[in-house]
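Structural overview
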Amino acid sequence: MARFTDNAWNKYDEKDMKEVFDFCDGYKDFMSKCKTERECVIEAIKIAEKNGYKDLNEMINKGEKLQAGDKVYANNMGKALALFIIGKEKIEKGLKILGAHVDSPRLDLKQNPLYEDTELAFLDTHYYGGVKKYQWVTLPLALHGIVVKKDGTKIDIVIGEDEEDPVVGISDLLIHLAADQMDKKGAKVIEGEDLNVLIGSMPLKGKEKDAVKENILKLLKDKYDFEEEDFLSAEIEIVPAGRARDYGLDRSMVMAYGQDDRVCSYASLMAMFEIENIDKTCCCLLVDKEEVGSIGATGMESKFFENIVAEVIELKEGYNDLKLRRCLTNSKMLSSDVSAAFDPNYPSVMEKKNSAYFGKGIVFNKYTGARGKSGCNDANAEYIAELRNHMEKYDVSYQTAELGKVDQGGGGTIAYILAQYNMEVIDCGVAVLNMHSPWEITSKADIFETKKGYVAFLKEA
Ligand code: MN
Ligand code: MN
């Protein structure tokens, strides 16, 4: 089959190029600051407020009404966010929804993480999401998260990002003594319980037992004002330290931690800010817990979304159950998540006609799933036809792909959850190299075309 897109870089003139690079500079800043779902939500709210969005819960408390043109957001426990631009039509006509996730694979601290072994202090972790564990050793790592004390005080932690900050990390065995290790299978080279983060080696003077650990505790108390027991109510994530950067001598790509799926989250958020005067209400969902099955109060399976749509209906037109059901069933959604980019180093797992390529624009996945499409959301041909039309009208470069060869593996997204409301849903997003590794790579052209594709969808669908 003929490819329906040329390389997007070929169509850009000088002005377009500047727009692409400027957009991705904003993206790199976002990615450098936002390395946890909480940080993404805080930053997204900050940007949204600058763009005229108001807190929906405050409006509910004040008994205010919503009208066409209003922009509101609802924050779910600081880990997920829904943004709405209210349209002129009745909400039961349906929403246009962009949905992406802001959680990414990482190492979470255990509840009792701190220990000392042979006069070294460590933090014990439990990895989150799908990771190749051997990729997380011998890297500069940072700590991001919060500690909540019994009285409710929240302490924000970010250590390892400032140039002057120390970094932490996980050791690997020297090659000289690694004969047995090198014979192990990839999944066993570094095992889950070996992901222990080295954080200190200096004993506290005058202490005999666990003096290195004691010294770390003293430091945490002096600098951050919390004690060992407070780890019980903390959420601290170990992530790669350092800024997102240009990648490639031509600077055509971005290297960043957590691009799955913050690249689609950022593009969705930015697309919302380009929309004014709309007929149908538009919604952007940034959810948590996708990497661990979308369960939990802040994951897509939660009733948060449905409840908040009910609130929007109440504030705009007065709620009833039928209006909510009609609204959801008449909605259309782009379930925005990353795709695997074709990697010429590993061609054997891909099927070339149905792979995503760097520079070819936003990727549509009619279906995901594995072993005979099992568990997939299979988007309707009619819906895809409509989207093709919108993409072409807005000169968006787009491509279609599957995640690898038949029976090679597979993956899931949040698409099937929204599809339960009987709405039209398709997976789409940005192609990523090194997916789920500490440093993922994307093409700047694809990021830009994806944002353009979202704008086309919000304006036309
Ligand atoms: Mn994802
Ligand atoms: Mn993922």
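Residues numbered from 1 in each chain as written. Chains lettered and ligands numbered in written order. Predicted model: local features only at pLDDT ≥ 70, side-chain atom pairs only at ≥ 80, totals over all residues. Heavy atoms only, no water.

1. Let's talk about the coordination of the manganese ion (ligand 1)
Heads up, the rule is: For Na, K and Ca the donor cutoff is 3.2 Å, while for all other metals N, O and S atoms count as donors only within 2.8 Å; water does not appear among the atoms, so some sites may look incomplete. Strands are runs of DSSP state E lasting at least 2 residues, helices are runs of H or I lasting at least 4, and numbering of each runs from the N terminus. We call a residue buried when its accessible area falls under 20% of the maximum for its residue type, exposed when it is over 50%, and partly exposed in between, using a 1.4 Å probe and counting protein chains only.
Within the protein, the atoms that donate to the manganese ion (ligand 1) are His101 (NE2), Asp260 (OD), Asp337 (OD) and Asp337 (OD), at distances of 2.2 to 2.5 Å. Between the donor residues of the manganese ion (ligand 1), the gaps in sequence give the motif H-x158-D-x76-D. Separation of the manganese ion (ligand 1) from the manganese ion (ligand 2) amounts to 3.3 Å, with Asp260 serving as a shared donor to the pair. One end of the pair, Asp260, is in helix α7 (residues 259-272); the other, Asp337, is in the loop between β14 (332-336) and β15 (339-340), with 77 residues separating them in the sequence. With respect to class, Asp260 is no different from Asp337; both count as buried.

2. Describing the domain arrangement of the chain
The cut-off we apply is this: The start and end points of each domain follow an automatic or database-based domain assignment. Residue contacts are counted whenever heavy atoms from the two residues lie within 4.5 Å of one another. By definition, the buried area sums, over both parts, the 1.4 Å-probe accessible area that each loses when the two are put together. Salt bridge criterion: a side-chain nitrogen from Lys or Arg within 4 Å of a carboxyl oxygen from Asp or Glu. Contacts described as polar in this section are N or O atom pairs within 3.5 Å, which, within protein, must combine one atom able to donate a hydrogen with one able to accept it, while residues neighboring in sequence count only if both atoms come from side chains. All amino acids are sorted into three groups, where Ala, Val, Leu, Ile, Met, Phe, Trp, Tyr, Cys and Pro are nonpolar, Asp, Glu, Lys and Arg are charged, and the leftover types, Gly among them, are polar.
Segmentation of the chain into domains returns domain 1 (8-104 + 257-460) and domain 2 (106-240). Each of domain 1 and domain 2 was reduced to a C-alpha centroid, and the two centroids are 33 Å apart. Residue-level contacts link 18 residues of domain 1 with 16 residues of domain 2. In total, about 1500 Å² of surface goes out of reach between domain 1 and domain 2, with carbon and sulfur atoms giving 50% of it. Counting the surface domain 1 buries against domain 2, the share from its top three residues, Lys35, Arg38 and Pro438, is 32%. At the boundary of domain 1 and domain 2, one finds four salt bridges. Glu161 is paired through a salt bridge with Lys35; the nearest N and O atoms lie 2.9 Å apart. Linking domain 1 with domain 2 are nine residue pairs in polar contact (both at pLDDT 80 or more). Looking at the side of domain 1 that touches domain 2 residue by residue, the classes come out as four nonpolar, four polar and 10 charged.

3. Let's talk about the nonpolar core
What counts, and what does not: We call a set of buried Ala, Val, Leu, Ile, Met, Phe, Trp, Tyr and Cys residues a nonpolar core when their side-chain atoms join them within 4.5 Å.
Core analysis: the biggest nonpolar cluster contains 64 residues, and Leu83, Met272, Leu334, Phe364 and Tyr454 have the highest contact counts within it. Among residues more than four places away in sequence, those in contact with Leu83 are Ala48, Tyr53, Val72, Tyr73, Leu269, Met272, Cys282, Cys283 and Cys284. Leu123, Val239, Ala356 and Ile441 belong to the second-largest nonpolar core, a separate cluster that totals 43 residues.

4. Some words on the state of the cysteines
The line we're drawing: A pair of cysteine sulfur atoms is labelled a disulfide when the two atoms are within 2.5 Å.
Summed over the entire model, instances satisfying the criterion amount to zero disulfides. Cys283 forms no disulfide, and the closest cysteine sulfur to it belongs to Cys284, at a distance of 7.0 Å. Cys428 provides the cysteine sulfur closest to Cys376, a residue in no disulfide bond, and the two sulfurs are 16 Å apart.

5. Let's talk about helix α6 (residues 211-224)
Threshold: Helix span, as expected, comes to 1.5 Å for every residue beyond the first.
Between its first and last C-alpha, α6 extends 19 Å over 14 residues, near the 20 Å set by a 1.5 Å rise per residue. Taken as a whole, α6 has its buried residues at Ala211, Val212, Lys213, Asn215, Ile216, Leu217, Leu220 and Tyr224. For α6, the secondary structure elements touched by its buried residues are β5 (106-117), β6 (120-128), β8 (154-159) and β9 (196-200). Where α6 terminates, the next one or two residues include Asp225, which has phi positive at roughly 60°.

6. Observations concerning the coordination of the manganese ion (ligand 2)
Here the manganese ion (ligand 2) is held by Asp260 (OD), Glu291 (OE), Glu291 (OE) and His436 (NE2), and the distances to it run 2.0 to 2.6 Å. For the manganese ion (ligand 2), the donor residues sit on a single chain with the sequence spacing D-x30-E-x144-H. According to the relative accessible area criterion, Asp260 is buried, its value standing at 3%.

7. Some words on the packing of helix α8 (residues 304-316) against helix α9 (residues 321-329)
Heads up, the rule is: Under this scheme, a helix contributes an axis fitted over its contacting stretch, all axes are lines through C-alpha atoms, and angles between N-to-C directions fall in the 0 to 180 degree range. By definition, turning the near helix anticlockwise from the far helix through less than a right angle yields a left-handed crossing, and turning it clockwise yields a right-handed one.
Look at α8 against α9: their axes get within 10 Å of each other, and the N-to-C directions meet at 115°. Crossing of α8 over α9 shows right-handed handedness. Where α8 approaches α9, its residues Phe305, Glu306, Val309, Ala310 and Ile313 are matched on the opposing element by Lys323, Leu324, Cys327 and Leu328. The residue makeup of the contact of α8 with α9, split by class, is seven nonpolar, no polar and two charged.

8. Examining the environment of Asp343
Relative to the elements of secondary structure, Asp343 occurs in the loop between β15 and β16 (362-365). As for Asp343 and Val363, which are separated by 20 residues in sequence, their C-alpha atoms are 15 Å apart.

9. A look at the sheet that holds strand β20 (residues 440-443)
Which entries qualify depends on this criterion: Two strands are said to pair when DSSP picks up at least two bridges between them.
Taken together, the five strands give an open sheet; going across it, the order is β11-β12-β20-β19-β15, and neighbouring strands pair in mixed fashion. Looking at which strands have only one partner, the edges of the open sheet turn out to be β11 (245-247) and β15. The pairing of strand β12 (residues 253-256) with β20 spans four bridges and is classified as antiparallel. Within β20, the residue paired with Met253 across the bridge is Ser443. Packed on one face of the sheet, helix α1 (residues 14-33) meets β11 and β12 and runs near 5° to β12.

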